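Structural features, examined
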Amino acid sequence: MPRILLAEDDDAVRDMLRTALERDGFDVVAVSDVREALSRIAAEEFDVLLSDLHMPHAGDGFTVVSAMRHTHPRAVTLVLSGYPELDEALSAIRLQADEVLVKPMEISALRELIHRKLANPVPYRPLPTQSVASILEHNLDATIQDWMALVEHNDELTRIPLAFEDRTGHLPNLIADLICRLRLPRAEKANISIPAREHGDLRRQQGYTVAMLVEESRILQVSIFNTLQNNLDRVDFSKVLRDVITIADEVDSQLKQATLSYVEPARAAVSAA
């Protein structure tokens, strides 16, 4: 019995498709978001992917398609879109989706298409991939530029005027520590980020509040994930879930080190009093 991973965030559409496909003899695993889809792809075998393009964000389906292609290269990959713009169709082709289907689509036509694709598999040549660490290493400048663009539109952070180097000078070292953490064996404990602590000292001297440090850290995570999003066709999805968790943990750990620059002087002042 062919197994289908159905990724659709609209409850009514997901239930309707699952019922129709199960009635036709397919074993359907239905998920409502990208995180669950990636988790299933990493842990289970599938013959077909049927994914909405927007779940709920534009291009979410491409993330799922790329993960399926790299993890289960022989699976049929189909994308459903209610907005068949040309650039999205080209992106889907670039990521090796078998076909882009425009909503609404007749269930009978969808069932026929799936049966035909399964009966006539097209050989797929996997694309070369890179680790998340390598992608971040090779796209350091792009990540920093993206971070800076987001900061420049943040009224809270721009209240303190800083030159580009003063604003971004900490990022290469923080990202370098993150890349080292990503490359560590799973059993090996990561070192505390000294550049993060130094960054906290500097920002305190420059007049940043703790809330501003937290906002900077949040934007750094966004910029890192934007870099990965822009390189989906090269991401090694066999380890991406673990790497995403590591990124979040390391950035939070670096934030903790930076905020200690604010906490410890306050404790010292209380003790002296």
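The text that follows walks through the structure, step by step, so that each part is easy to find. Keep in mind the model is a prediction, meaning the values are calculated, not measured.

Another aspect to go through is the packing of helix α9 (residues 171-183) against helix α10 (residues 194-206). At a minimum axis distance of 9 Å, the contact between α9 and α10 shows a crossing angle of 150 degrees. Considering the angle they form, α9 stands roughly antiparallel to α10. Considering how the two elements wind past one another, α9 and α10 form a crossing that is left-handed. Contact residues: Asn173, Leu174 and Asp177 in α9; Ile194, Pro195 and Ala196 in α10.

You can see isoleucine 107 is positioned in helix α5 (residues 107-119). Since its relative accessible area comes to 18%, isoleucine 107 is described here as buried. Sequence separation between isoleucine 107 and leucine 17 is 90 residues; the distance between their C-alpha atoms is 7.7 Å. Excluding residues within four positions of it along the chain, isoleucine 107 makes contact with Met16, Leu17 and Ala20.

With 13 residues, α9 extends 18 Å from end C-alpha to end C-alpha; this agrees with the ideal 18 Å at 1.5 Å per step. Among the residues of α9, those classed as buried are Leu171, Leu174, Ile175, Leu178, Ile179 and Leu182. Taken down its axis, α9 places every buried residue within 140 degrees of arc, on the same side.

Applying the stated rule across the entire model yields twelve salt bridges. With its nearest N and O atoms 2.9 Å apart, the salt bridge here joins aspartate 15 to arginine 18. Here arginine 18 and aspartate 15 lie together in helix α1 (residues 11-23), a separation of three residues that amounts to about one turn. Residue class for aspartate 15 comes out partly exposed when judged on its relative accessible area of 33%. Overall, arginine 18 belongs to the partly exposed group, its relative accessible area being 29%. Of the charged contacts in the structure, one is a salt bridge between glutamate 137 and arginine 183, with a shortest N-O distance of 3.0 Å.

As a further point, take helix α3 (residues 60-71). Taking 1.5 Å as the rise per residue, α3 with twelve residues should run 16 Å; its terminal C-alpha atoms sit 17 Å apart, in good agreement. Summarising burial for α3: ten of the twelve residues are buried, a large majority. All buried positions along α3 are accounted for by Asp60, Gly61, Phe62, Thr63, Val64, Val65, Ser66, Ala67, Met68 and Arg69.

Turning next to the nonpolar core. Counting residues in hydrophobic clusters, the biggest one holds 29 residues, and the most contacted among them are Val132, Leu136, Trp147, Leu182, Ile224 and Ile247. Among the secondary structure elements, those contributing two or more residues to this core are α6 (132-138), α7 (140-152), α9, α11 (210-229) and α12 (240-272). Beyond its immediate stretch of four places on either side in the chain, valine 132 contacts Leu182, Leu228, Val235, Val240, Asp243 and Ile247.

Any two aromatic rings considered together are summarised by their centre-to-centre distance and by the angle between their planes. What the rule picks out here adds up to zero aromatic pairs. The cationic tip of arginine 203 hangs over the ring face of tyrosine 208; the distance from NZ or CZ to the ring centre is 4.6 Å.

Moving on, we get to the environment of leucine 78. The topology assignment puts leucine 78 in strand β4 (residues 76-81). Setting aside residues no more than four positions away along its own chain, leucine 78 makes contact with Leu49, Leu50, Ser51, Asp98, Glu99, Leu101, Leu110, Leu113 and Ile114.

Calculation notes
Residues numbered from 1 in each chain as written. Predicted model: local features only at pLDDT ≥ 70, side-chain atom pairs only at ≥ 80, totals over all residues. Heavy atoms only, no water. Axes fitted to C-alpha atoms, helices over the stretch in contact; angles between N-to-C directions. Helix = DSSP H or I, 4+ residues; strand = E, 2+ residues; numbered from the N terminus. Parallel < 35°, antiparallel > 145°, perpendicular 65-115°, else oblique. Left-handed = near helix turned anticlockwise from the far one by under 90°. Contact = heavy atoms within 4.5 Å. Buried < 20%, exposed > 50% of the residue type's maximum accessible area, 1.4 Å probe, protein only. Expected span 1.5 Å × (residues − 1). Arc of directions from axis to C-beta. Salt bridge = Lys/Arg side-chain N within 4 Å of Asp/Glu carboxyl O. Core = buried A, V, L, I, M, F, W, Y, C linked by side-chain atoms within 4.5 Å. Phe/Tyr/Trp six-rings, centres within 6.5 Å; stacked < 30°, edge-to-face > 60°. Lys NZ or Arg CZ within 6 Å of the ring centre and 35° of its normal.

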